[in-house]
Amino acid sequence: SGGFSTFNNPMLNENIAQVLRWYKGRCTFEIRKFEPDFAWQSRYYDIIIQNEESFHQVQSYIEDNPNNWNEDEFYY
């Protein structure tokens, strides 16, 4: 025992909103240990990937987004 059972694993929840809420909460807890003012961007966009082309567009956005942060409207 002492392990993390599948039953209690929040990342295996069927509700994606609950998975994201847990993930962001856990990340916030850990990040604020060394960056007390950390906060998530208030808005995010959900997208449904419908085909391979859409997948590659989203993948490129995710990979390139950190490089474009200085030009983002929310950058301060």
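Everything quoted here is computed from the prediction, not taken from an experiment. (Residues numbered from 1 in each chain as written. Predicted model: local features only at pLDDT ≥ 70, side-chain atom pairs only at ≥ 80, totals over all residues. Heavy atoms only, no water.)

Concerning helix H2 (residues 52–64)
Under the convention used in this document: Each helix is a run of DSSP H or I of at least 4 residues and each strand a run of E of at least 2, with the numbering of both proceeding from the N terminus. Helix span, as expected, comes to 1.5 Å for every residue beyond the first. Between N or O atoms, a polar contact is any pair within 3.5 Å; within protein, one atom must be a potential hydrogen donor and the other a potential acceptor, and residues adjacent in sequence are included only when both atoms are from side chains.
Over its 13 residues, H2 extends 18 Å from the first C-alpha to the last, a length consistent with the 18 Å expected when each residue adds 1.5 Å. Residue Asn51 occupies the N-cap position of H2, its side-chain oxygen lying 3.2 Å from the main-chain nitrogen of Glu53.

Overview of the side chain of Ser54
Here is the rule: Any pair of residues with heavy atoms lying within 4.5 Å of one another is described as a contacting pair.
Among the structural elements, Ser54 can be located in helix H2. Excluding anything up to four places from it in sequence, Ser54 contacts Ile48 and Ile49.

Details of the packing of aromatic side chains
For clarity, the cut-off: The rule is short: rings of Phe, Tyr and Trp, with Trp giving its six-membered ring, pair when the centres are within 6.5 Å, and they are stacked under 30 degrees, edge-to-face over 60, tilted in between.
Overall, the coordinates contain 1 aromatic pair when judged by the stated rule. Relative to Trp40, the ring of Phe38 has its centre 5.4 Å away and its plane inclined at 80°; by these criteria the two rings are edge-to-face.

A closer look at helix H1 (residues 16–31)
Residues lying three or four places apart along an α-helix face the same way, a consequence of the helix completing one turn every 3.6 residues. The cut-off we apply is this: Type-normalised accessible area, obtained with a 1.4 Å probe on protein chains alone, sets the label of each residue: buried when under 20%, exposed when over 50%, and partly exposed for intermediate values. Note that the arc is defined by the directions from the helix axis to the C-beta atoms.
The terminal C-alpha atoms of H1 lie 22 Å apart, and with 16 residues this matches the ideal 22 Å at 1.5 Å per residue to within 8%. Those residues of H1 that fall on the buried side of the exposure criterion are Val19, Cys27 and Thr28. One face of H1 carries all of its buried residues, which in axial projection span an arc of 155°.

Take it as geometry only, folks, not as evidence of what the structure does.
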